[in-house]
Every structure is written in structure tokens, then in C-alpha cells.
Amino acid sequence: MLNVSNKVLQQLAALLLERAGLKITPDGFHSLRLALSTRMPVLGIEEPERYLQRLTGVGGEEELRSLLPLVTVGHTEFFRDAKQFRALEKSVLPDLLARARREMRKVSIWSAGCATGEEPYSMAMVLAELGALSVEVDLWATDLNLAAVEAARQGRFSMRRSISIQPERLARFFRPVEDGHEALPALREYIRFDGQNLAVPVFDKVALNSLDLILCRNVIIYFDLPTIRGLMDRFLSALRPGGLLFLGYSESLFKVYDRFEMIEVDGAFVYRRPPSDKGYRPPPLRIHPYPGGADPQARAPEPEPFSPAVYARPAVELAQGARSRGSTPDTAATRGPGALSGAFPAVRPLPAASTPPVASGTQSPATTKTNDLGRPRVTVELPAVSPADAVRTRPTVELPAVSAPARTVTGEIPAATAWPKLLPPAERLAMAVRKMTQGDFPAAIQGVQRLLVDEPSDLDALLTLGNLYSLTGRITEAREAFAQAIQREPLCVEARVFGGVAALQAGELREARSELGKALFLEPTLAIGHYLLAQVQERSHESEAARRSYRNAIAQLRFPQRTLAGHYPEMLDSAEAISRAARYALAALEEQPPH
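None of these values were measured; they are calculated from a predicted model.

**Some words on the overall build of the protein chain**
Next, step 1: Tallying secondary structure elements over the protein chain gives 19 helices and twelve strands in all.
Next, step 2: Sequence-distant contacts in the protein chain: of pairs separated by 6 or more residues, those separated by 24 or more amount to 74%.
Next, step 3: Total accessible area computed for the protein chain in this model is approximately 26400 Å², and 54% of it derives from carbon and sulfur atoms.

**Notes on the sheet that holds strand 2 (residues 137-143)**
Next, step 1: Strand order across the open sheet formed by seven strands is 6-2-1-7-8-10-9, with mixed pairing between neighbours. The outermost strands of the open sheet, each flanked by one partner alone, are strand 6 (191-195) and strand 9 (261-265). Each neighbouring strand pair of the sheet contributes to a mean axis angle of 25 degrees, computed without reference to strand direction.
Next, step 2: Relative to strand 7 (residues 211-216), strand 1 (residues 107-112) runs parallel, the two being bridged by three bridges. The residue bridging Ser111 from the neighbouring strand is Leu215, located in strand 7.

**Side note on the pairing of strand 2**
Next, step 1: Taken across its seven residues, strand 2 has six buried, putting it largely inside the fold.
Next, step 2: Note that strand 1 and strand 2 share six bridges and pair parallel. The residue of strand 2 that forms the bridge with Ile109 is Leu139.
Next, step 3: The handedness of the strand 1 to strand 2 crossover, carried by helix 6 (residues 118-129), is right-handed.
Next, step 4: Judged from the five bridges that link them, strand 2 and strand 6 form a sheet pairing that is parallel.

**Quick notes on the environment of Ile214**
Next, step 1: If you trace the backbone, Ile214 turns up in strand 7.
Next, step 2: Residue classification places Ile214 among the buried residues on the basis of a relative accessible area of 0%.
Next, step 3: Placed 105 residues apart in sequence, Ile214 and Ile109 show a C-alpha to C-alpha distance of 5.8 Å.
Next, step 4: Residues in contact with Ile214, not counting those within four places in the same chain, are Trp110, Phe235, Ala238, Leu239, Leu244, Leu245 and Phe246.

**Points about the environment of Leu462**
Next, step 1: Checked against the element boundaries, Leu462 lands in helix 13 (residues 459-471).
Next, step 2: The residues touching Leu462, leaving out its near neighbours within four places in the chain, are Leu452, Ala481, Gln484, Ala485 and Arg488.

**Topic: the packing of helix 16 (residues 509-522) against helix 17 (residues 527-539)**
Next, step 1: Two elements in contact, helix 16 and helix 17, have axes whose closest approach is 10 Å; the angle formed by their N-to-C orientations is 155 degrees. With respect to helix 17, the element helix 16 is oriented roughly antiparallel. In this structure, helix 16 meets helix 17 at a crossing whose hand is left-handed. Between helix 16, through Leu509, Ala512, Arg513, Leu516 and Leu520, and helix 17, the contact on the second element is made entirely by Gly529, His530, Leu532, Leu533, Val536, Gln537 and Arg539.
Next, step 2: Along the lines of polarity and charge, the residues of the contact of helix 16 with helix 17 split into seven nonpolar, three polar and two charged.

Definitions and cut-offs
- Residues numbered from 1 in each chain as written.
- Predicted model: local features only at pLDDT ≥ 70, side-chain atom pairs only at ≥ 80, totals over all residues.
- Heavy atoms only, no water.
- Helix = DSSP H or I, 4+ residues; strand = E, 2+ residues; numbered from the N terminus.
- Contact = heavy atoms within 4.5 Å.
- Areas by Shrake-Rupley, 256 points an atom, 1.4 Å probe, with all protein chains shown as cover.
- Pairing = 2+ DSSP bridges.
- Axes fitted to C-alpha atoms, helices over the stretch in contact; angles between N-to-C directions.
- Buried < 20%, exposed > 50% of the residue type's maximum accessible area, 1.4 Å probe, protein only.
- Right-handed = clockwise from strand over helix to strand, strands pointing away.
- Parallel < 35°, antiparallel > 145°, perpendicular 65-115°, else oblique.
- Left-handed = near helix turned anticlockwise from the far one by under 90°.
- Nonpolar A, V, L, I, M, F, W, Y, C, P; charged D, E, K, R; others polar.

As C-alpha cells, this is what we get:
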């Protein structure tokens, strides 16, 4: 490990806090060392002090952006997401083992974006507890950060990082070392660690139709839409028919990618390559045959999907635009206690949600539109910034406050509206957004709150809740929601953008400027960020700065723009809308003399 003084680490932590709002405590200095170990050799720098000078000098912003994703690898934990690991332990992994044993092959699993190894070691512990031998498992764990991969290979974890491991597992799979625990060699034998960039167009180390399970959790939230869709193509190619993909709960393919089916397994929603997908010709994962391997054209027929019972597990049909995959056989063996077949129990298809009708004669305070990805949003017309601009109307970010939902004496929200728990999180959130589009903010807040009780890791829902709080005048609760989002995803641009909007609504212009500045540092090509910063500058009577920001917003539209996670009414969400609004505002400012 690179030797870095505490003084340099403290200075680097202060710089990250100032520029990106990323708070690194002394407990997280381990991740800083890992990041420096990766970036310094790339630049040919040997002294940490010189690297710090590089960050604060000319061109330092770009290098700091390259450093940021590497710093956040420390934000992971063992057995992250209890629902998913319950599904893995009770159904998925027993089924994979039984199938692989019948076919006399290894279980093939990929932990993509494994960071410092907590996820693959968690998987290895569960596999060992299920009776799998290391020779029966091919558990491939990869990450872009080679320093993190090397740390994961060593299997040493501090007391703080191993706190989520049950004492029985710690005693069985680890040995105490100074300031922490070290994985026993028998556990490390289950895993092979490697470097892999998920954004490359070709995976040289992955064979077609070879994987039973891919875990890529809390990774794609940092990717743009084209990158996500390309990655999903490659994942689909790598999985066997019927193979499963686990994403983080803050990540969804809803309206993003439709070749996977969504299924429910023991309360967790996961994605599956359709079992009948044998005729699909996926794009190549590699451009040359493996050394010593057979000619790809002469490959033997692919085996059946990993479980006969997977055919009987119905895909979850989303209420909006779900892609039909045809009928599947409705016969399946239900696994009894102690059985080894690993068959998933039958699960009934989830009902599609319907939009409640609006009472006739009632004038809605907002009209419904759809963004580039088909998301419903609220469209309203808001007041101009100053009296001089009163003759023009343009989109801004304010809505009148509405009343908060009534609470009981215990602080609970009464169950006035049914919010089906069996719907996938993305569709439950869509139901709440429809309430928002109808102007029913209390019901929308209630729906999102209930969703977060069941799915506390749903970042999309948390951001939406923060927006609803800010729209209803609950600015303190909005700040808390966005702070929670940043705690879960330290580089969450949306939390900074929406935090800036909330501050702007509350008249806290300095706070709004700070939050939007951090958002633009993290994603400098985000046109909506420049547009909102221009709004802040215009309210601060900084006309020249506002002109520059409006021009920046227009200039960034030459880059692809992504839809933000979270839902906010009247957020400009297409290149055309941003360009039109920015040009209109800029034209109005150009008519005013510079101050």
C-alpha cells in the first residue's frame, strides 16, 4: 500500500469536500490511499505531495474528476441489501448449484464492480454454507480500480468494514488480525479477482451464454444511457438463457432496456434473460476465439436454462409499456424443505396499475407531459424573476406550497390510499408520480414514504421524496432526504441539483449556488445544471454571470444529456426544452444593459 502522510490525506479530503461535497472521514482514508495508488502511476508521479499540487494546479479539475470514482470504492459493505441476499441464499444459489451438479459443470457467477471485495466474499460465504466446494464454483470478481482489486484479493477488512458480518460467520471464515479481520485461505479460494472496465465495447474474458448469475449493483448509476444500454447488451449475451442479473435497488431498467424480464424472487425484484431466448443472436462479447478453444461456429448446443422451474416463474409486467414475452408453461415443482432441486416457488403475475380517473369538472392545477424516456411529469407556468421580466413567461422551478399529509399522534400517516406492495419499486414510484401530476401532493408523499419503508435503498424514490418535501415547503425535510441520498451515493449529481433547486425555492441563494456548483463539478456537461445556476445568478442580479451560464447550458447540448433520477415537476428534461428556455432567457437578458 502506498505510504501517504495523514497531512496529505487531510488536505485531499478537504479538497474533495470543497469541490465535490464528498465527505471523507479518517475512517475512509483507506479508500483515499487506494485511489492514489491507482492514479499516481498513471501520471508518473511518485510523491503524494506532488500529486496534491497537481490537483490544485492548472488542469487539476479533470484529474480530480478521474480520482472521484476511485475514492468511493470504500462505500460498500458485506451482505448489502438484505432482501437480495435472502433471495440468493434461499432460492437462487441453491438452484444454481443443483442445476450445475446435474450438468456436471461449475456454477458461473460474475460480481461486476466488486470494489474492495465485500460482495464476492459475501457470496462465497453463502455458497460455502450451502455446501458448495470451491472447485464447484467459478466466482469472478472484477473492478476498474486495480488497487481496490488487489486489496480485495488480500481479504483484510477493518473492524468498521466487517461490522455487518454475523459473529458466527466471522468465527468460521475469518481470523483476527490487527485492527480487523482477514479472510481465511479456504474462503479466498472461491473467488478469482481481476480488473475489468465495464464500459468497454468488448469483453475479451467472457464467453457467450456462459454465466448463471451477474451481480452489478450500485454501478450503473454513474453511467449515461448509451453506456447502460451497451452494457446490458453485453450482460444479456454473457448470461445463459434464464440467467439472472441483480442490480442495486437504486437502479432500474424501466423504460431504459427491455430485453430482460423482471421477476420476483422471495421479495426481491431481479432481471432474467428470457428462458426462450435461444434464438436471440446477441452482439459478440469478444472478437477472437479463446486460446485453445473450439471454433465458435462449431460450439455444442447450449444447455437448458439453469432450472426447469424458472420457466414457470412469470415475468413481472410493468403497468406502462411492458414488453410481452409470450406465455410460459405453468407447471413447476415447488421446492419442499430440504429438497435440492432449488426450484423457485410459483409466483403469480403482478397486476398492472391503472391511473385513477380525475373527477369531471375538476380543473387540474397542472398538465401532464412525458419526457424523453416516457416519464410523466408536471408542467406548470411560473412567474418571471423580476418585474422587468413580467412580460415574459418561462419555466422555472417553483410551485405553490400545499398542505402536508395528516398524521396520527404517533406520527404515522394513515392508510388512506392503497399502495400495492407486490408491484415492482419502479411502478410503485410511477403511481406516486401520477398522483403528483394530478396535483395530489399529500397522496404522492404518502406513496413514496411507504415505498421507502419497503425499499429503503431506492435512490429514485428518496430523491423524489426530497423534491416533494421542497415543493410543499418542508425545506428541512428536503435537505435531510438529499443528505441521505448523498450518504448512500456520494457522487449523486441529482441530490446536488435538486438540493440547489430546493434552496432556490427557499430563497437561500448562497446554498443554491454551492449545491449547483458541486453538481457541475461532478458533471460539467449537464446542461440543466448550467441553466439552473443561471437562474440563481439572475435572482442575485448578476446579469453577466447569468448570461455566461445560459450560454454554457446551450453549449453543453452538443453532448448527450441524460434523464435525471428522481422526479420533479417542470424540470426541463430534453435538449430541445433546455435550448428553447435558455435562448429565451438569454435573449431577454441581452436586452438589458450589463451591470
